[in-house]
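Each chain, written out:
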There are 4 protein chains.
Amino acid sequence: MNKYVLKIKCSDAKGLIYKISNVLYQNDLNIEKNSEYVDTQNKKFFFRARLDGAIDTQKIETQLESVMPQDAVITLNKKVKKQIIVLATKESHALGDILLKYDSGELNADILCVVSNHDDLRGLVEKFDIDYHFVPSEGLSREEHEERVLSILGSYKVDYLVLAKYMRILSENFVGKYEQKIINIHHSFLPAFIGANPYKQAYDRGVKIIGATAHFVNNSLDEGPIIAQDVISVNHEQNWKDMQKAGRNVEKTVLSNALDLVFDDKIFVYKNRTIIF
Amino acid sequence: MNKYVLKIKCSDAKGLIYKISNVLYQNDLNIEKNSEYVDTQNKKFFFRARLDGAIDTQKIETQLESVMPQDAVITLNKKVKKQIIVLATKESHALGDILLKYDSGELNADILCVVSNHDDLRGLVEKFDIDYHFVPSEGLSREEHEERVLSILGSYKVDYLVLAKYMRILSENFVGKYEQKIINIHHSFLPAFIGANPYKQAYDRGVKIIGATAHFVNNSLDEGPIIAQDVISVNHEQNWKDMQKAGRNVEKTVLSNALDLVFDDKIFVYKNRTIIF
Amino acid sequence: MNKYVLKIKCSDAKGLIYKISNVLYQNDLNIEKNSEYVDTQNKKFFFRARLDGAIDTQKIETQLESVMPQDAVITLNKKVKKQIIVLATKESHALGDILLKYDSGELNADILCVVSNHDDLRGLVEKFDIDYHFVPSEGLSREEHEERVLSILGSYKVDYLVLAKYMRILSENFVGKYEQKIINIHHSFLPAFIGANPYKQAYDRGVKIIGATAHFVNNSLDEGPIIAQDVISVNHEQNWKDMQKAGRNVEKTVLSNALDLVFDDKIFVYKNRTIIF
Amino acid sequence: MNKYVLKIKCSDAKGLIYKISNVLYQNDLNIEKNSEYVDTQNKKFFFRARLDGAIDTQKIETQLESVMPQDAVITLNKKVKKQIIVLATKESHALGDILLKYDSGELNADILCVVSNHDDLRGLVEKFDIDYHFVPSEGLSREEHEERVLSILGSYKVDYLVLAKYMRILSENFVGKYEQKIINIHHSFLPAFIGANPYKQAYDRGVKIIGATAHFVNNSLDEGPIIAQDVISVNHEQNWKDMQKAGRNVEKTVLSNALDLVFDDKIFVYKNRTIIF
C-alpha cells in the first residue's frame, strides 16, 4: 500500500485549492479524499488529502512550497503505524482497552512500552508481552521523577505519548519536549471540573450528565486543545463512586476515538482548538 | 379526577415505608406509584407517592405527622395545573415553545402573563391571547427595575416563575421572594461556561459538545440546583453563532423537560442537588 | 449578498478537483468552503462549494460542463430563501416549531401556505398570518383527495413540501410530481417501526430508546433517503402515550435539522442514501 | 456483608407495599432501597428491595407468601457473585472487555470458562488464566454441535450464559435449557436490522445512527426482551466496515451495562419487556 497524507496549514488566499490540486494533478497523483477548512476570522487555511500512488515526497513538497503562501506548513507523510508509549498509574480500564485493540490489530499504532508510577498494572501489561517500566515517585521531587521517566522515553523513538489515566501533573519542561505529542484522557466534560476528582465535584454540583475529554496536553492543567468528548446521563441515585464506575466506559471510548483521529493524521491544532477532518 | 401527590422529606429511620404505607392502607387509599430514595451519607429519606381517591388531606397529613420523624416535611396536594409567569427578553425560541405547548394543551400549567424587559416579544405573546408586560430597564437601577417587575408579579397568584432566556441577573432580594419557585434555562452545560455568552466561551475553548441546563435559581449566578441537562455535538466548522443557533433546540427541549418535572411535583431539592422521581 | 452554491455529481475520475478549481480560479471566484466525497464502490464523485462574488452562472456552468465527465449534473444557484408549503393533520408540534422559526426569521424559507386534511390547526396557522387550506377527505377516494390537494399546491411556485406529521400516505402519482422535494418526519427510528403507530410498536417491543427520522419521500412508505435521525432514552415506566409525548420534542428537532440541511442545499441523494456536506 | 435482594412479582392489589413492609418491619430488617412498578394495563405488581441484616430467608419468604396474592413469585437471595460462562466466536472486543473487567475486579461475576466455535480467541482468554473450550462445528449438524457445547456447560454450575458476539443461532432446545439465563449482544439497534450483517444493512439503508442491543435470548432470533441499547452517529463517509469498527465500542459498552443490571438482580421480564429497577 502506497498511502500518503498531505497536510497544509497557511494564510488563506484565493486559489489555494486550485494551486494544490494543480501540483497533484501534474504529478498524476490520485486524491482519495480531501478536506479543507478556512478559519475566516483568522484568515487561516487548513487542508488535508489522502493520496494514493508512488510518491517522491520531497519533490511534491518542494513544488507545493513554491506555490503556497510563505507561511505554509506542509507535511506529506507515508501512512505507517505510529509508535506510542502509554503512561498509566493504577486504573486499568483505559490502558486495558488500548492493549486489547493493539492485540486484535485494531490500533493503528505499535505500543513500545508502558510506563507507570506504580507497579499495579505490570501483570496486565505483561500478559500482552509489552515492556513495563515501573518508575516509583516516592522520595523524589517531581523533577527527579520526571527525569527518570524522560530517560526511559528517550530510549525509544516515539511518535506519541498516551496518558491513559496517568495521575501525575506534567511539568512545563516535560510537556515542552513532546509538544502536541501527548494525548490525555480527562475524566470530566472539560472545562467543567478541572483538577482533582472530577466525579466528586460532579456529584457535589448535582449534574445530570457526566463526561470525558481527550485532549492534547499543554502547559496549563486540563486546558490543552480538545480532541474528543462524550457524555452519559446520571441521576440522584448514583454517588460519586457510581459515577466513576459508569464514567470508565466513556473515558476509554473517548480516548480510543481520539487516538484513532491522531494516529490517522486527521487533526490540526490552531489557537488551542482542533480542526478535525 | 381525584389525583394527589404525597411528598415526604425527613431523617432516615427504620420502618418509614411501613409507617407511611400503613397510614395509607388504613385510609383505604390506592398508591398508584411510589418512589423512595435514601441519601445514606446524610441519612435523609425522600418519598413521593401518587394517590387516587377521595382524600381528606388534612387528616392524612396529621396521621402521617404522628408517625414520621419530627423533622418530616409532609405535603399532600391535589393535582392541579400550576399557575406560571414567564419572563423573557428578546429571544423567542424558549418562550415560543412554552406558548405552543400551552396552546395545544400539553403544558401542565396556565400562563398568567409574560413579563419582559423589552417589547420585542409582544407580538408573539399576544397571538396566544396572553397578557404581555413590558418593563423597560433604561434609566433604572437594578433595584428599581426589579421593583416594577415584582409589583406586576405580586398582582398574580403564581406557583412558578419561568425564565425563558430572561437575560437579567436577579438580586438576592428578588430570588428570596420566590425560593425554589424560579426555573431558569442556562445556555451551557453547567458548570462549564458560567456567565455571559457561553457559546462564545465554548467556541474559544474549542469544545466538541455544547449543552443547556435547566435549574432552580438561587442567589449565586448559575449555581442553583440542576433539574435537567442535555447536549449536542459541534465541530470546528461551527462558529459561536452557529453553536448558538444549534443550541436553541437543546435549550428549549431541556427547559420543557424540566418544566414537566417541576409541574408534576417530581422534584426534591436537598443540599443544592435535585432528587427526581 | 452574492452567495452561490455549486453542486456537481458525476463519475469519479482523476483530476476533478483540479478541473473544477481551475475554472473557478480563472473566473476569479472565491471558494468560501468546498466539500467533496467519492463513493469508491460506485465510482461516483460529489462536490459542493459555497462561492462568493458576482457570477455569470450560465457561463460558469458551461465551462464546467466542458471539463467534467459527460454524466455530470451541475447546478450553480444563488442562495435565496426556499419557497415551501407545509402539510399537516392534527398534531401541532412540528408545524408549530416551523411557524415559530419562520416568525423569528430563523427558517431559511418562506411558508407559502399550510394544507391540512383537518381543520384543527387553522387557528394556530392563522395566528402567523399564513393561509390555511382545509381539504377534507371524507367521502373522497385517495385519488380524489390528492387531486384537490395537488390543485392547491399547483397554484404556488413551491420548492419543497414539508410533511409535518401529515398522516396520509401519498400515492405514487403524487410523489412523482415532487421528486426529492417532499420531506417527511417519521415518528420512529427508521427502519424500526415502519407504518402506523410506531410508539405503540416500540412499547410492545420493549425498546429502551426511541427516535425520529426525517427523510425524503419516495414511493415506498417510510423507505425514502434518510436525512436526519435522533433518539431519546425511555424506560419501563413510560407507556406508549408517554413515549409519544416525549418523542414530540425529538420529532420537531430532527425535522428542523433536516430542513436546515435541505434549505441550505447541502444534500445529495444517491442510491437511496444521502450525502450531506 | 449480609446483603440480600428481595424480588416479588404478582397480581396488583391494594396494600401490597404495606403488607411487604410490615413483614420486613416485624423482622427488624433494614430496607436500603426499594423500587416498585405497577403495570396498570395488565394489573401486575413488581417489587424489588435491597435488604441488610442477618436474614432467615426461608422464614421471610414464608411470611411474605402468606400475605401476598396467590400468584406471587417471591425470591430472596443473598448477594453473591454470579457464575457465568462466556460464548464467543472470533471477534475479541466484547469478550476482551468482560475479561478486563473481571481481571480488575469490576465484574460482579466469576467467569467459569469461555466456549467458542473457533480457536482464535484462545490466546486472549488464556492470558487471563481462564479455561477455553474450542468446540468446532465443521462436519456437525447444529444439534450435534450444540450437544457438545451443552455437555461442557453441563459440567459447570452456571447462573448466566453471556453471548459475547457468538455468531451461531441457538436452537429452541438449547434456549429452553437456560430460560432467561442467556444474554446476547446484537450489533444493531433492534428491531432494526434483525439477522445477518446488520452494519451492511444499516449502510445500505443509509441510516444516520447505528446502535447495539443487549437482550435475553428466547426462541425467536433477536426478539428476546431488551435489556439495554445505545447508539452512535454515522455519516455518509463511513462504509459498513467503518460502521462495524465504530460499533464495537457501543456493543461492548451496552453489553457491559446489561451485565451489570443482570448480575445485580435488577431486572424483571414480563411479556417480552424488561422492568429495570
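Sequence positions are assigned chain by chain, starting from 1 and proceeding in written order. Going through the entries in the order they are written, you letter the chains from A and number the ligands from 1. With pLDDT at 70 or above as the cut-off, local features in this predicted model cover only qualifying residues; side-chain atom pairs require 80 or more to be listed or tallied, and sums for whole chains, interfaces and linings still use all residues. Processing note: side-chain calculations cover all non-hydrogen atoms of the structure and skip hydrogens and water entirely.

**Thoughts on the sheet that holds strand β10 (residues 209–216) of chain D**
All names here are of chain D.
Right, on to step 1. Pairing between strands is defined by DSSP: at least two bridges between the two strands are required. Segments assigned H or I by DSSP are reported as helices when at least four residues long, segments assigned E as strands when at least two residues long, and all are numbered from the N terminus. Strand order in the open sheet made by the seven strands is β7-β6-β5-β8-β9-β10-β11, with mixed pairing throughout. Edge positions in the sheet fall to β7 (132–134) and β11 (226–233), since each of these pairs with one other strand and no more. Geometrically, the sheet is characterised by an average inter-axis angle of 20° between neighbouring strands, direction not taken into account.
Right, on to step 2. As defined by bridge partners, strand β9 (residues 182–186) adjoins β10 across four bridges and the pair is classed as antiparallel. Across the sheet, isoleucine 183 pairs through a bridge with phenylalanine 216, a residue of β10. Each axis is a line fitted through C-alpha atoms, taken for helices only over the stretch in contact, and angles between the N-to-C directions span 0 to 180 degrees.

**Notes on the sheet that holds strand β4 (residues 73–78) of chain A**
Strand pairing within a sheet occurs via backbone hydrogen bonds; the two strands may be parallel or antiparallel.
Residues and elements named next belong to chain A.
Right, on to step 1. Strand order in this open sheet of four strands is β2-β3-β1-β4, and the pairing throughout is antiparallel. Each edge of the sheet is formed by a strand with only one pairing partner; in this case those strands are β2 (30–39) and β4. Adjacent strand axes in the sheet meet at a mean angle of 10°, parallel and antiparallel pairs treated alike.
Right, on to step 2. Pairing analysis gives six bridges linking strand β1 (residues 3–11) to β4, with the strands arranged antiparallel. Among the inter-strand pairings, tyrosine 4 is bridged to a residue of β4, identified as lysine 78.
Right, on to step 3. Throughout, a contact is declared for two residues whenever any of their heavy atoms are within 4.5 Å. Contacting β1 and β4, helix α2 (residues 57–67) runs over the sheet at an angle of about 160° to β4.

**A word on the pattern of salt bridges**
Right, on to step 1. A carboxyl oxygen of Asp or Glu within 4 Å of a side-chain nitrogen of Lys or Arg is what we treat as a salt bridge. The final tally for this structure, using the stated rule, is 76 salt bridges over all chains.
Right, on to step 2. Of the charged contacts, one joins Lys33(A) and Glu237(D) as a salt bridge, the two residues approaching to 3.0 Å between their closest N and O atoms. In this pair, Lys33(A) sits in strand β2 while Glu237(D) sits in the loop between β11 and α8 (240–263), so the two residues belong to two different chains.
Right, on to step 3. For the salt bridge of Lys3(D) with Asp52(D), the shortest nitrogen-to-oxygen distance reads 3.8 Å. In this pair, Lys3(D) is assigned in strand β1 (residues 3–11) and Asp52(D) in strand β3 (residues 44–52), connecting sequence segments 49 residues apart.
Right, on to step 4. Throughout this description, buried means an accessible area under 20% of the type-specific maximum (1.4 Å probe, protein chains only), exposed means over 50%, and partly exposed covers the range between. Asp52(D) sits in the partly exposed class, given a relative accessible area of 29%.
Right, on to step 5. One salt-bridge network, held together by shared partners, links Glu91(A), Lys165(A), Arg248(A), Glu251(A) and Glu106(D).

**Some remarks on the relation of the copies chain B and chain A**
Right, on to step 1. The copies were overlaid by least squares, fitting only the C-alpha atoms of residues that reach a pLDDT of 70 or more in each copy. Under the fitted operation, chain B is carried onto chain A by 0.0 Å of movement along the axis and a turn of 180°, and the coordinates agree to an RMSD of 0.0 Å. Between the two chains, the operation in question is that of a two-fold axis. The rotation axis passes nearest to the C-alpha of Ala192(B) in chain B, at a distance of 2.3 Å.
Right, on to step 2. A share of 100% of the interface residues of chain B reappears at the interface of chain A, consistent with the copies meeting face to face through the same patch.

**Section: the packing of helix α3 (residues 93–103) of chain A against helix α8 (residues 240–263) of chain A**
Residue and element names in this part refer to chain A.
Right, on to step 1. Following both chains from N to C, one finds α3 and α8 inclined at 45°, their axes separated by 9 Å at the closest point. With respect to each other, α3 and α8 are oriented oblique. Considering how the two elements wind past one another, α3 and α8 form a crossing that is right-handed. Contacts between α3 and α8 involve His93, Ala94, Asp97, Ile98 and Lys101 from the first element and Arg248, Glu251, Lys252, Leu255, Ser256 and Leu259 from the second.
Right, on to step 2. Of the residues assigned to the contact of α3 with α8, the class counts are four nonpolar, two polar and five charged. Each angle is binned into one of four classes, with values under 35 degrees roughly parallel, values over 145 roughly antiparallel, values of 65 to 115 roughly perpendicular, and all other values oblique. Crossings are sorted by hand: turned counterclockwise from the far helix by less than a right angle, the near helix makes the crossing left-handed, and turned clockwise it makes it right-handed. Under the scheme applied, nonpolar residues are Ala, Val, Leu, Ile, Met, Phe, Trp, Tyr, Cys and Pro; charged residues are Asp, Glu, Lys and Arg; polar residues are all the others, including Gly.

**Quick notes on the relation of the copies chain D and chain A**
Right, on to step 1. Superposing chain D onto chain A requires a rotation of 180° together with a translation of 0.0 Å along the rotation axis, leaving an RMSD of 0.0 Å.
Right, on to step 2. Most of the interface of chain D is mirrored in chain A, where 100% of its interface residues again form contacts.

**Quick look at the environment of Val254(B)**
Right, on to step 1. Structurally, the position occupied by Val254(B) is in helix α8 (residues 240–263).
Right, on to step 2. Expressed as a C-alpha distance, the spacing of Val254(B) and Asp230(B), which sit 24 residues apart in the sequence, is 6.4 Å.

**Considering the interface of chain D and chain A**
Right, on to step 1. Opposite the 21 residues of chain D that make contact, chain A presents 21 residues.
Right, on to step 2. Summed over the shared surface of chain D and chain A, the number is eight salt bridges.
Right, on to step 3. Notably, a salt bridge pairs Arg248(D) with Glu106(A), separated by 3.2 Å at the nearest N-O pair.
Right, on to step 4. Polar contact is the term for a pair of N or O atoms within 3.5 Å; when the atoms are in protein, one must be able to donate a hydrogen and the other to accept it, and sequence-neighboring residues count only if both atoms are side-chain atoms. For the interface between chain D and chain A, the tally reads 11 residue pairs in polar contact (both at pLDDT 80 or more).
Right, on to step 5. Residue assignment for the side of chain D that touches chain A shows that the elements contributing at least two residues are α3 (93–103), α4 (122–127) and α8 of chain D.

**Topic: helix α5 (residues 142–154) of chain D**
At 3.6 residues per turn, the α-helix brings residues three or four places apart onto the same side.
All names here are of chain D.
Right, on to step 1. Helix span, expected: 1.5 Å multiplied by one less than the number of residues in the helix. With 13 residues, α5 ought to run about 18 Å at 1.5 Å a step, and its terminal C-alpha atoms sit 18 Å apart, in line with that.
Right, on to step 2. For α5, every residue scored as buried is listed here: His145, Glu146, Val149, Leu150, Ile152 and Leu153. Projected down its long axis, α5 shows its buried positions confined to an angular sector of 155°, all on one face. Of the exposed residues in α5, the ones pointing more than 90 degrees away from its buried face are Ser151 and Gly154.
Right, on to step 3. In this structure, the buried side of α5 is in contact with β5 (82–88), β6 (109–116), β7, β8 (160–163) and α6 (172–177). This arc is taken over the directions from the axis of the helix to the C-beta atoms.

**Structural notes on the domain arrangement of chain A**
Residues and elements named next belong to chain A.
Right, on to step 1. Each domain span listed reflects an automatic or database assignment of domains. When its domains are assigned, chain A resolves into domain 1 (3–78), domain 2 (80–178) and domain 3 (185–277).
Right, on to step 2. Summarising the inter-unit geometry, the C-alpha centres of domain 1 and domain 3 are found 32 Å apart.
Right, on to step 3. Contacts between the two partners involve 13 residues from domain 1, matched on the other side by 10 residues from domain 3.
Right, on to step 4. With both sides pooled, the region where domain 1 packs onto domain 3 buries about 1,100 Å², and carbon together with sulfur makes up 65% of that total.
Right, on to step 5. Three residues stand out in domain 1 for area buried against domain 3, namely Lys7, Phe46 and Arg48, and they jointly supply 46% of the buried area on that side.
Right, on to step 6. Summed over the shared surface of domain 1 and domain 3, the result is zero salt bridges.
Right, on to step 7. Counting across the domain 1 and domain 3 interface gives four residue pairs in polar contact (both at pLDDT 80 or more). Put simply, buried area is the surface a 1.4 Å probe can reach on two separate parts but cannot reach once they are joined, added for both.

**Some remarks on the interface of chain B and chain A**
Right, on to step 1. Each partner contributes to the interface: chain B provides 33 residues, whereas chain A provides 33 residues.
Right, on to step 2. Regarding the contact of chain B and chain A, the summed buried area is about 2,800 Å², with carbon and sulfur atoms giving 56% of it.
Right, on to step 3. A per-residue breakdown of the area chain B buries against chain A is headed by Arg205(B), His236(B) and Arg273(B), which together make up 28% of the total.
Right, on to step 4. Here chain B and chain A share 18 residue pairs in polar contact (both at pLDDT 80 or more) between them.
Right, on to step 5. Elements with a contribution of two residues or more to the side of chain B that touches chain A: β2 (30–39), α7 (198–205), β11 (226–233) and β13 (273–276) of chain B.
Right, on to step 6. Element by element, the count of residues in the side of chain B that touches chain A is highest for β11(B), at six residues.
Right, on to step 7. Looking at the side of chain B that touches chain A residue by residue, the classes come out as 16 nonpolar, eight polar and nine charged.

**Let's talk about the pairing of strand β9 (residues 182–186) of chain A**
Residues and elements named next belong to chain A.
Right, on to step 1. Of all five residues that make up β9, five are buried, and the element is covered over most of its length.
Right, on to step 2. Of the two faces of β9, both are covered, the one formed by Ile182, Asn184 and His186 as well as the one formed by Ile183 and Ile185.
Right, on to step 3. In this sheet, β9 lies alongside strand β8 (residues 160–163) in parallel orientation, the contact comprising three bridges. Each bridged residue has a counterpart across the sheet, and for leucine 161 the counterpart in β9 is isoleucine 182.
Right, on to step 4. Here, the term right-handed applies to a crossover whose path from the first strand over the helix to the second runs clockwise when the strands point away from the viewer. Handedness of the crossover joining β8 and β9 through helix α6 (residues 172–177) is recorded here as right-handed.

**Comments concerning the confidence of the model for chain A**
Right, on to step 1. Values of pLDDT, the confidence the predictor places in each residue, fall between 0 and 100. Averaged over every residue, the pLDDT of chain A is 95; residues scoring 70 or more account for 100%.
Right, on to step 2. Among the scores for the predicted complex, ipTM is 0.94 and pTM is 0.96.

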